[in-house]
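Fold and contact review
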Amino acid sequence: MSLLAALNSPSAVVSTGVLPGPEHAAADAPPRVTLTTGNGQEFLLTADLSHQGACIAILPGPTGMDAPPVQATVTEYAGMDGGRVVKTRAASRRLQLPLLLWAPTRPELLALKRRFVAALVAERGPCVLRVAEADGTARSIRVHYTGGMEGDEGSDGAGLTYVRYGLQLTAPDPYWHGDERAETFRVHGAPAFFSHPAGSWTVLLSDTMNNPSAWTGGAGTVLKDPRVTDGQYTRLAAGIRAEATTAVPYDGTSLYRLTARVRRSSAAAADAQTSVSVGLVGLTTAGAPVPGGARFISAADRPLVDADGWVDVIGYARGRGHGNASPVGSGAHPMEFDPGTVPGGTATVRAVIQADGAPLDVDHLTLSRLDPATTGEPHISPFFPMRIAPSVIGDEGLPVQATTDVDAWPVWRITGPLGQQDAGQPVIPLRLANRSTGTELTLAYGIPAGRTVVIDTRPGIKAVYLENPDGTRGENLWPHLVGPASLWQLVPGENVISLTATGASEESAVTLTYQPRHLGA
């Protein structure tokens, strides 16, 4: 039998072993490979040619299906052998699929060939190559047609009812993507979720700022005013940083609140910028300052104007940071659900207040700790953290296992209400963080009930917007991102994800969706 006759025989093609036969057990069955074009046409590339009708089969010899090509940038040594690798990167990959198009009749072959060629070549858009295994797992890759279907009428290239192609494809993104994974987190335990931890505030330090000996570094001038706490207050000169001589224990597990009552001094020049920084300085068990221990956790450069009069500057602290680097003015934590941390090694703390740039009046400063006791000031706060999983508070995080070979880029759908406040009140930022990588995104936007914010971190898309009720893209929310926002990725393995938000209800939900990325099919 000639080669042409063999190729025109379905049973002969099946006998090559490329296609599944009845002797294969289900677990050992070859994968099902499909190619879907940009306009939605799907072509099965692993058809069983023993059936009647036109079909396509992959012949032996596909290439480019496993690890992507890696490019290395090498700087050659001057005057020496060899060089140094500067960086490596996965480059776009090329795939080649030897295909056989077969039909029982010539008209059927022509119809299949013309439809297949037109779908891949005329569209010129991205296609999806998908490999589905018998165990139910599947991986896909976006590809573009680059060649191989020009036609070869040689003795082996084509016949009356068959044609061979060496289909050439390019994948700009070299990674195979697993099936989409999604996980939804909701507020749990409502309405108990909205209640505060049992306890009350225990005052550890209360100073009316009228005793200069209780402060070091520049106690300031004590002045009289019957309208303040005890008829006296202290005026700090511009740039003065006063530190309390009394140190109080710090255990790191409790929540601490620091409150300072201050105003812009009448002694400040009319055009002078006035601000205040209030916080804690950490001390070791021996009473020595912890390196980098100056930490302004209540307010960093909090601006003041004459019209404010006396105002309370409030901040919170809990826990110890991993490092000691903590420059002056390195952050503000005025929200109970978002407390600052003191440097590692801190055993006790002292209160600190600083006049930034202009004279400052200080009436009272109080440092308190939240204890489970029933005595003392009741624990009352208008803010509450959102819980995203049982027994996991937002700032502690929820572990998410990313079954991916390389970084995967998530899409977040956050449904309100979240961050909504009373009219005239500032929006409380929503913080979405990956504790495993130390990256964080902060969005200062109040999400109304029933509306959804989409944060799409995928390369080539990168979007933050309010979704319209019909599912289309609505208001652009990029202007509402706060600080050095990072549209961060998931890393292989465990990712500790935290969401901190306010104004949540049982309607609130956060959905994380991502596609694992793999090195090969």
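Residues numbered from 1 in each chain as written. Predicted model: local features only at pLDDT ≥ 70, side-chain atom pairs only at ≥ 80, totals over all residues. Heavy atoms only, no water.

Now for the overall build of the protein. Looking only at helices and strands, the protein features three helices and 37 strands. Buried positions account for 45% of the 521 residues belonging to the protein. Restricting the contact set of the protein to residue pairs at least 6 apart, pairs at least 24 apart contribute 73%. (Helix = DSSP H or I, 4+ residues; strand = E, 2+ residues; numbered from the N terminus. Buried < 20%, exposed > 50% of the residue type's maximum accessible area, 1.4 Å probe, protein only. Contact = heavy atoms within 4.5 Å.)

Moving on: the pattern of salt bridges. Tallied over the full model, the rule gives eleven salt bridges. When the shortest N-O distance is used, the salt bridge between Asp 173 and Arg 517 registers 3.9 Å. Within this pair, whereas Asp 173 is found in the loop between strand 9 (162-171) and strand 10 (176-178), its partner Arg 517 is found in strand 37 (residues 517-518), the two being separated by 344 residues in sequence. Judged by its relative accessible area of 29%, Asp 173 is partly exposed. For Arg 517, a relative accessible area of 12% corresponds to the buried category. Two residues, Arg 263 and Asp 361, come together in a salt bridge whose shortest N-O distance is 2.9 Å. In this pair, Arg 263 is assigned in strand 18 (residues 256-264) and Asp 361 in strand 24 (residues 360-371), connecting sequence segments 98 residues apart. (Salt bridge = Lys/Arg side-chain N within 4 Å of Asp/Glu carboxyl O.)

The predicted coordinates ought not to be read in detail in places where the model reports low pLDDT. Mean pLDDT over the protein: 78, with 78% of residues reaching 70 or higher. Contacts from residues 188-198, a stretch scored under 50 in pLDDT, to residues over four places away or in other chains number 21 contacts. Below pLDDT 50 for its whole length, residues 380-395 participates in 56 contacts with residues either more than four positions away or in separate chains. (pLDDT = per-residue confidence, 0-100.)

Before going further, it helps to spend a moment on the pairing of strand 4 (residues 70-76). Across seven bridges, strand 4 lies against strand 5 (residues 83-90) in antiparallel orientation. Its bridge partner being in strand 5, Glu 76 is matched across the sheet by Gly 83. Between strand 4 and the antiparallel strand that follows it, strand 5, lie six residues; Gly 79 among them carries a positive phi value of about 75°. (Pairing = 2+ DSSP bridges.)

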